[in-house]
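Chain by chain, the residues:
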Amino acid sequence: MIIAKNIRKTFNNTPVLKGIDLHIKKGEIVAIVGPSGAGKTTLLQILSTLDKPDEIKESELRINSISPIELNDKKISEFRNEHIGFVFQFHQLLPEFTAIENVCIPAYIGNKKAEATKQRALELLDFLGIKNKAESKPNQLSGGEQQRVAVARALINQPAIVFADEPSGNLDTESAANLHDLFFELRDKFDQTFVIVTHNEKLANMADRKLTMRDGYLLNE
Ligand code: ADP
Ligand code: ADP
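Residues numbered from 1 in each chain as written. Chains lettered and ligands numbered in written order. Predicted model: local features only at pLDDT ≥ 70, side-chain atom pairs only at ≥ 80, totals over all residues. Heavy atoms only, no water.

1. A closer look at the environment of lysine 133
The test is simple: Working definition: helices are DSSP H or I runs of at least four residues, strands are E runs of at least two. Numbering for both runs from the N terminus. Any two residues having at least one pair of non-hydrogen atoms within 4.5 Å are treated as being in contact.
As for its position among the elements, lysine 133 is in the loop between helix H4 (114–127) and helix H5 (143–155). For lysine 133 and glutamate 145, which are 12 residues apart along the polypeptide, the C-alpha to C-alpha distance reads 8.5 Å. Apart from the residues within four sequence positions on either side, lysine 133 is in contact with Ala99, Leu141 and Glu145.

This is the structure we're talking about:
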């Protein structure tokens, strides 16, 4: 599903990723942990095609057999919209739209049919336990509910891979635990792959694999 070989990233002459090798299988839930500044977010950005690694001949990145580094920007964004879902700590819901409208946006960008999309969005919200909030605006929802809407939005196009950067970072303990359970339920139901940067020890220990980053290296791949 994801193959990374010798991934390097340098910002302003400072190496931040110093040669990352990584294999992630379909349906795996992988947690990436490590101290602040270790390069976790940078790695996630590159794996999720939001950023590109340094150009090095000996490097390789494949996602679903595609090499995103070789695609132009338009093709990359199409690829991303079709194959990849994102969940961030700050979920950036659009305040003037309802929960269900927020969920549907990535599907409309991908020109999916409106009625089928709405049906799927309702199913997702139902699965996430917030179907009754479908018509609420973000400011009428709790933090945990907003994060669930963001998760539904990340899943609306049925991406093969979901990347999450501190998804439970601003949630209370119970909402965080619920969100984590959801990732596992979704994986079991849809065989989706999850790559999650987290400081949450419980989540890291529940994951199929816990990878530790330090100073630009992966310690245990
Ligand atoms: P982590 O997620 O483990 O906290 P990051 O990947 O966010 O680590 O950052 C790793 C290092 O790279 C930090 O020193 C950070 O300041 C630097 N860095 C990250 N993004 C940029 C950027 N866009 N420009 C310059 N430096 C960056
Ligand atoms: P961290 O605290 O680990 O640096 P942040 O929450 O600041 O994590 O964001 C992680 C990275 O994800 C940032 O580099 C940011 O630019 C990017 N990011 C956050 N939200 C989005 C989004 N909606 N779309 C694209 N990139 C995003």
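2. With respect to the sheet that holds strand S8 (residues 209–214)
Whether parallel or antiparallel, the strands of a sheet pair through hydrogen bonds between backbone atoms. Operational definition: For two strands to pair, DSSP has to find at least two bridges joining them. Fitted lines through C-alpha atoms give the axes, limited to the stretch in contact for helices. The angle between two N-to-C directions lies from 0 to 180 degrees.
What the 6 strands build is an open sheet, ordered S5-S6-S7-S3-S8-S9; its pairing is mixed. Here the strands that pair on one side only, and so sit at the sheet edges, are strand S5 (84–88) and strand S9 (217–218). With 4 bridges joining them, strand S3 (residues 29–33) and S8 adopt parallel strand pairing. Of the residues in S8, the one forming a bridge with alanine 31 is lysine 210. Sheet strands touched by helix H2 (residues 73–83): S5 and strand S6 (161–165). Its angle to S5, the strand with the most contacts, is close to 75 degrees.

3. Notes on the site of ligand 2
Inclusion rule: If a single non-hydrogen atom of a residue is within 4 Å of a molecule or strand, that residue counts as near it. Two N or O atoms count as a polar contact when they lie within 3.5 Å, although within protein this holds only if one can serve as hydrogen donor and the other as acceptor, and sequence-adjacent residues are included solely when both atoms are side-chain atoms. Areas reported as accessible are Shrake-Rupley estimates using a 1.4 Å probe. Residue values count occlusion only from the protein chains shown.
If you check the shell around ligand 2, you find Thr41, Gln45, Leu50, Phe88, Gln92 and Asp165 and nothing else. The side chain of threonine 41 places a nitrogen or oxygen atom 2.5 Å from an oxygen atom of ligand 2. In this structure, a nitrogen atom belonging to ligand 2 sits 2.6 Å away from a side-chain N or O atom of glutamine 92. Contact with the protein chains covers 49% of the free accessible surface of ligand 2, which is 560 Å².

4. Some words on the nonpolar core
In plain terms, the rule: We call a set of buried residues a nonpolar core when its members are Ala, Val, Leu, Ile, Met, Phe, Trp, Tyr or Cys and they connect through side-chain atoms within 4.5 Å of each other. Each residue gets one of three labels from its accessible area relative to the maximum for its type: buried under 20%, exposed over 50%, partly exposed in between, using a 1.4 Å probe on protein chains only.
Of all hydrophobic cores here, the largest spans 38 residues; its most connected members are Val103, Leu125, Val149, Val151, Phe183, Phe194 and Ile196. Secondary-structure elements contributing two or more residues to this core are S3, helix H3 (99–109), H4, H5, S6, helix H6 (173–190), strand S7 (193–197) and helix H7 (201–206). Judged by nonpolar contacts, the second largest core, of 27 residues, contains Ile63, Phe86, Val197 and Met213.

5. As for H5
In plain terms, the rule: Between the first and last residue of a helix there are one fewer steps than residues, each counted as 1.5 Å, and that sum is the expected span.
For H5, built from 13 residues, the straight-helix expectation of 18 Å at 1.5 Å per residue is met to within 8% by its first-to-last C-alpha distance of 19 Å. In terms of burial, H5 is largely enclosed, as 12 of its 13 residues are buried. For H5, every residue scored as buried is listed here: Gly144, Glu145, Gln146, Gln147, Arg148, Val149, Ala150, Val151, Ala152, Arg153, Ala154 and Leu155.

6. Let's talk about the packing of H5 against H6
Short version of the rule: Any angle between 65 and 115 degrees counts as roughly perpendicular, while under 35 counts as roughly parallel, over 145 as roughly antiparallel, and the rest as oblique. In this scheme the handedness of a crossing depends on how the near helix is turned from the far one: anticlockwise by less than a right angle means left-handed, clockwise means right-handed. Asp, Glu, Lys and Arg are counted as charged, while Ala, Val, Leu, Ile, Met, Phe, Trp, Tyr, Cys and Pro are counted as nonpolar; the rest, among them Gly, fall into the polar class.
Orientation of H5 relative to H6, taken along the N-to-C sense of each, is 20 degrees, at an axis distance of 10 Å. One way to sum up the angle between H5 and H6 is to call them roughly parallel. The handedness of the crossing between H5 and H6 comes out as right-handed. In this structure, H5 uses Gly144, Gln147, Arg148, Val151 and Leu155 to contact H6, whose residues at the interface are Ser175, Asn178, Leu179, Leu182, Phe183 and Leu186. For the contact of H5 with H6, a count of residues per class yields 6 nonpolar, 4 polar and 1 charged.

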